[in-house]
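Geometric and topological summary
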Amino acid sequence: MCAASADRRSPLNICVVILNYRTPGLVCECLNGLVEQIRQVVHGRIFVVDNGSGDGSAEAIDEQITDQGWCDAAELVRSSRNGGFSAGNNMGVKATDADAYLLLNSDTLVRPGAIERLLEELHAHPEAGLIGPRLEWPDGTPQNSTFNYPTPLTEFLRAAGTGVFDRLLPRHVTAIPVERTPAEVDWVSFAAALIRGSALRDIGLMDEGYFMYFEDIDYGRRARQAGWTVRYCPEARVVHLRGGSSPVKSLAADRKPLPEYWYASRARYYAKYYGRAGLWLANVCWLAGRCVSRCREILERRSPNLPQGQGRAIWRHGWKPLSE
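As a starting point, this report considers the structure included with it. (Residues numbered from 1 in each chain as written. Predicted model: local features only at pLDDT ≥ 70, side-chain atom pairs only at ≥ 80, totals over all residues. Heavy atoms only, no water.)

Brief notes about helix H5 (residues 152-160)
Burial analysis of H5 places seven of its nine residues in the buried class, which makes it a mostly covered element. For H5, the set of buried residues is Pro152, Thr154, Glu155, Phe156, Leu157, Ala159 and Ala160. Against the buried residues of H5 lie helix H6 (163-168) and helix H10 (260-300). (Buried < 20%, exposed > 50% of the residue type's maximum accessible area, 1.4 Å probe, protein only. Helix = DSSP H or I, 4+ residues; strand = E, 2+ residues; numbered from the N terminus. Contact = heavy atoms within 4.5 Å.)

Written out as structure tokens, the structure is:
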């Protein structure tokens, strides 16, 4: 169960983890606005984990940290391999013991005051194990930051792409409309998320069976299973330059094939929480939804609205989902 929070007047020891894989420019831009906020925290440090980039990224970031005089607030941690999002963040988390861990994508920019506001929310809600900020575009336009758990029926809605079904089954639509006030939610995006240290020690590290994607959904479920809540704090604002650290969203927008790791993570998630039968049910639901969208494409004479090869890929990853 949830441990009591520290006294509200007690300073928190915060560890910020930024994961880099061949995005040194984004990392340095993120650090440029982040270091001063960390310096204002009594006990705070940034760990940039280079996930085996092998392209000079690590050296470029390390040089920038030295040249900019950031050594008092930030340091580089090197991984010998690219083990994926979970593995890289776990390496950063294990670098130090902390009262709170802030996970950041390399394609994020932390608005002034965001860390302070997240820590205030952590103090105010001792039952909260995870807190997500408002994600937004550089011009301040909000992005979806909070979500419902995906279920097999979610796969039908995704493949059908028909608003009437979304309105009939709102609880199975993953993205929640943008909230203006703090709220308890199922899960928050790990593009930027604060994890309470005692919750992390209770829940455990991130599941490294996910190379990339679905690990934040998994962690939100594990947190709630352990008795913690997941909160959304819109007053803490973080710019998310979507697509800067991963090509999946841009590929999906262009209807191009998604990486195999996305399908492997999807299969792992459904098999882990719904069993092998649940994964196959999710695939059948996807197929039913695809029949709906295909009929619309024929009637409306338009191109497919889904990534190429998705049908084959979801079945291909249905055989050994928990061994990938």
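On we go from here.
Focus: the pattern of salt bridges
A full pass over the atoms with the stated rule returns 24 salt bridges. For the salt bridge of Glu75 with Arg45, the shortest nitrogen-to-oxygen distance reads 2.7 Å. With Glu75 in strand E3 (residues 74-79) and Arg45 in strand E2 (residues 43-51), this residue pair connects regions lying 30 residues apart in the sequence. Salt-bridge contacts for Glu121 lead to Arg231; the nearest nitrogen and oxygen are separated by 3.0 Å. Remark: Arg231 occurs in strand E11 (residues 229-240) and Glu121 occurs in helix H4 (residues 114-124); sequence separation between them is 110 residues. A relative accessible area of 4% means that Glu121 is categorised as buried. With relative accessibility at 10%, the residue Arg231 sits in the buried group. Through salt bridges with shared partners, a single network forms among Arg117, Glu120, Glu121, Arg231 and Glu235. (Salt bridge = Lys/Arg side-chain N within 4 Å of Asp/Glu carboxyl O.)

Description of the pairing of E2
Looking at chain direction, strand E1 (residues 13-20) and E2 are connected through eight bridges and run parallel. By the bridge assignment for E2, Asn20 is matched with Asp50. Following the backbone out of E1, through helix H1 (residues 24-39) and into the adjacent parallel E2, one traces a crossover that is right-handed. For E2 and E3, the ladder comprises six bridges, and the chain directions are parallel. Across the sheet, Asn51 pairs through a bridge with Ser79, a residue of E3. Between the parallel elements E2 and E3, the chain passes through helix H2 (residues 57-67) in a crossover that is right-handed. (Pairing = 2+ DSSP bridges. Right-handed = clockwise from strand over helix to strand, strands pointing away.)

Quick notes on the pairing of E1
Among the eight residues in E1, seven count as buried, and that is most of the element. In the sheet, E1 pairs with strand E4 (residues 100-105) via six bridges, with the strands oriented parallel. Across the sheet, residue Val16 finds its bridge partner in E4, namely Leu102.

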